[in-house]
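# Secondary and tertiary structure notes
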Amino acid sequence: MKVLVFGRGGQLALAMRDQGAAAGHDVVCLGRESLSIADAAAVAAAVRTHAPDLIVNAAAYTAVDKAESDAQEAFAVNRDGTRHIAAAARDADIPFIHVSTDYVFDGGGDRPWREDDATGPLGVYGASKLAGEQAMADLGPARNAILRTSWVFSPYGANFVRTMLRLGADRPELRVVADQRGRPTAAHDIADAILLMAPCVADGRARGIFHFGGEGPTTWHAFAQAVFDSAARHGRPVPVVHPITTADYPTPARRPANSVLACDRYLALPGAILPDWHVGLDRAVDALLAAG
Ligand SMILES: NC(=O)c1ccc[n+]([C@@H]2O[C@H](COP(=O)([O-])OP(=O)(O)OC[C@H]3O[C@@H](n4cnc5c(N)ncnc54)[C@H](OP(=O)(O)O)[C@@H]3O)[C@@H](O)[C@H]2O)c1
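### Some points on the overall build of the chain
Scanning the chain from terminus to terminus reveals 9 helices and 12 strands. A compact globule built from 292 residues should have a C-alpha radius of gyration of about 19 Å, and the chain, at 18 Å, falls within 12% of that. Across its three principal axes, the chain shows a C-alpha extent of roughly 55 × 40 × 40 Å. Once local pairs closer than 6 in sequence are excluded, the contacts in the chain between residues at least 24 apart make up 81%.

Written as structure tokens, this is what we have:
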């Protein structure tokens, strides 16, 4: 299968490259240096040129705090860019899988979020991602689906695991938020989920929104401890991780307290499982520490 991925240097784009190649697919990743997804004509031309069997959007404005003062750019990428890709895919009748976020929810309550629960983003990033989902819906029926995921980590790019390893290398004590819950999710597992969904999106068995995340919801505090336990396999020191509250760690954008996604709809797809995020964590830690 020929897969066209919008995005090239981000976590998910690189994981799509890895997992797509491992599964024998021909994966073409287009980065911002050659094409901005905010440019409708460039997106349409790329779809015509590559004529893929599957299109994946791994490009996004993901700087959650910066988005608070950069709404125009966040919406240009996350709303307009998504619409441009979805429109080009629909016009060419090519299956399209878009990736969205737990940040479309307000984080209230303590039960996992279902796909049809009311949205209520707390910040500009979540609002711009939600607007991208709505832009896809507004285009009408097409062979496309949205995979919402959360707390993405990988050996690539900026992410929580990399940050913890850097801080843990020279600090004996750390303070990490313990009152936000979610599903850590390895980017490589998202790539596998996208490849698993692809035939179902192509033949109409999968339409609309699906939630996907690592098995075993947790807190950032417990996730940090798991990072250090994993790094200890390589002889790295284990710092003391003190639990703090969200109020102790103010950020420009508010974060949802309960980010846990209910993934039953995804799990009903043939062959679908929720991978234990600890497995992906060990792989990411191994790769990050090997790279120095
Ligand atoms: N990271 C998370 O924790 C998380 C959680 C939930 C959902 N998600 C979603 O998962 C998806 C993948 O996220 P990720 O972690 O892989 O993000 P990432 O590592 O930040 O990668 C995003 C990529 O998009 C590129 N990009 C930004 N604007 C672009 C434009 N106008 N045209 C083309 N490319 C552009 C970026 O390029 P530059 O490097 O040049 O900026 C970057 O390579 C996104 O849809 C995100 O919203 C992420």
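### Overview of the packing of helix H7 (residues 220–232) against helix H9 (residues 277–290)
Contact geometry for H7 and H9: axes closest at 9 Å, N-to-C directions at 55 degrees. Taken together, the axis directions place H7 and H9 in an arrangement best described as oblique. At the point where H7 passes H9, the crossing takes the right-handed sense. Across the interface between the two elements, Ala226, Val227, Ser230 and Ala231 from H7 touch His278, Leu281, Asp282, Val285 and Leu289 from H9. Looking at the contact of H7 with H9 residue by residue, the classes come out as 6 nonpolar, 2 polar and 1 charged.

### Considering the environment of Ala291
Positionally, Ala291 belongs in the segment after H9. Taking the C-beta count within 10 Å as the criterion, Ala291 has 9 such neighbours and is therefore assigned exposed. Sequence separation between Ala291 and Arg48 is 243 residues, and the spatial gap between their C-alpha atoms is 38 Å.

### Describing the site of the ligand
Surveying the vicinity of the ligand reveals 25 residues, the closest of which are Gly10, Gln11, Ala59, Ala60 and Val152. Those elements giving two or more residues to the shell around the ligand turn out to be helix H1 (11–22), helix H3 (71–91) and strand S4 (96–101). Residue classes in the shell around the ligand are distributed as 11 nonpolar, 11 polar and 3 charged.

### Quick word on helix H4 (residues 124–138)
The terminal C-alpha atoms of H4 lie 20 Å apart, and with 15 residues this matches the ideal 21 Å at 1.5 Å per residue to within 8%. By the criterion of burial, H4 is predominantly enclosed, with 11 of the 15 residues buried. Among the residues making up H4, those that are buried are Val124, Tyr125, Gly126, Ala127, Ser128, Lys129, Leu130, Gly132, Glu133, Ala135 and Met136. Against the buried residues of H4 lie H3, S4 and strand S5 (144–149). Gly140 occupies a position one or two residues after H4 and carries a positive phi of about 90 degrees.

### Topic: the sheet that holds S5
With respect to topology, 6 strands assemble into an open sheet ordered S2-S1-S3-S4-S5-S10, the strand pairing being parallel. Two strands in the sheet have a free side with no partner beyond their single neighbour: strand S2 (26–30) and strand S10 (208–211). Pairwise comparison of adjacent strand axes, ignoring direction, gives a mean angle of 20 degrees for this sheet. Here 5 bridges tie strand S1 (residues 2–6) to S2, and the two strands are oriented parallel to one another. Bridging from a neighbouring strand, Lys2 pairs with Asp26 of S2. Against the sheet, H1 contacts S1, S2, strand S3 (54–57) and S4, and its axis sits at roughly 165 degrees relative to S2. Running over the sheet, helix H6 (residues 187–203) touches S3, S4 and S5 and is turned about 155 degrees from S5.

### Observations concerning the packing of helix H5 (residues 160–170) against H7
The description of two helices packed together rests on the angle between their axes and the distance between the axes. Across the interface, H5 lies against H7 with an axial gap of 10 Å and an inter-helix angle of 65 degrees. Considering their axes alone, H5 and H7 lie roughly perpendicular with respect to each other. Where H5 crosses over H7, the two elements pack in a sense that is right-handed. On H7, the residues that touch Phe160, Val161, Met164, Leu165 and Gly168 of H5 are Phe223, Ala224, Val227, Phe228 and Ala231. Of the residues contributing to the contact of H5 with H7, the split by class is 9 nonpolar, 1 polar and no charged.

Thresholds applied
Residues numbered from 1 in each chain as written. Predicted model: local features only at pLDDT ≥ 70, side-chain atom pairs only at ≥ 80, totals over all residues. Helix = DSSP H or I, 4+ residues; strand = E, 2+ residues; numbered from the N terminus. Rg over C-alpha atoms; globule rule 2.2 N^0.38 Å. Contact = placed C-beta atoms within 7 Å. Axes fitted to C-alpha atoms, helices over the stretch in contact; angles between N-to-C directions. Parallel < 35°, antiparallel > 145°, perpendicular 65-115°, else oblique. Left-handed = near helix turned anticlockwise from the far one by under 90°. Nonpolar A, V, L, I, M, F, W, Y, C, P; charged D, E, K, R; others polar. Buried ≥ 20, exposed ≤ 12 C-beta atoms within 10 Å, placed from the backbone. Near = placed C-beta within 6 Å. Expected span 1.5 Å × (residues − 1). Pairing = 2+ DSSP bridges.

Don't take any of this as a statement about function, it's just geometry.
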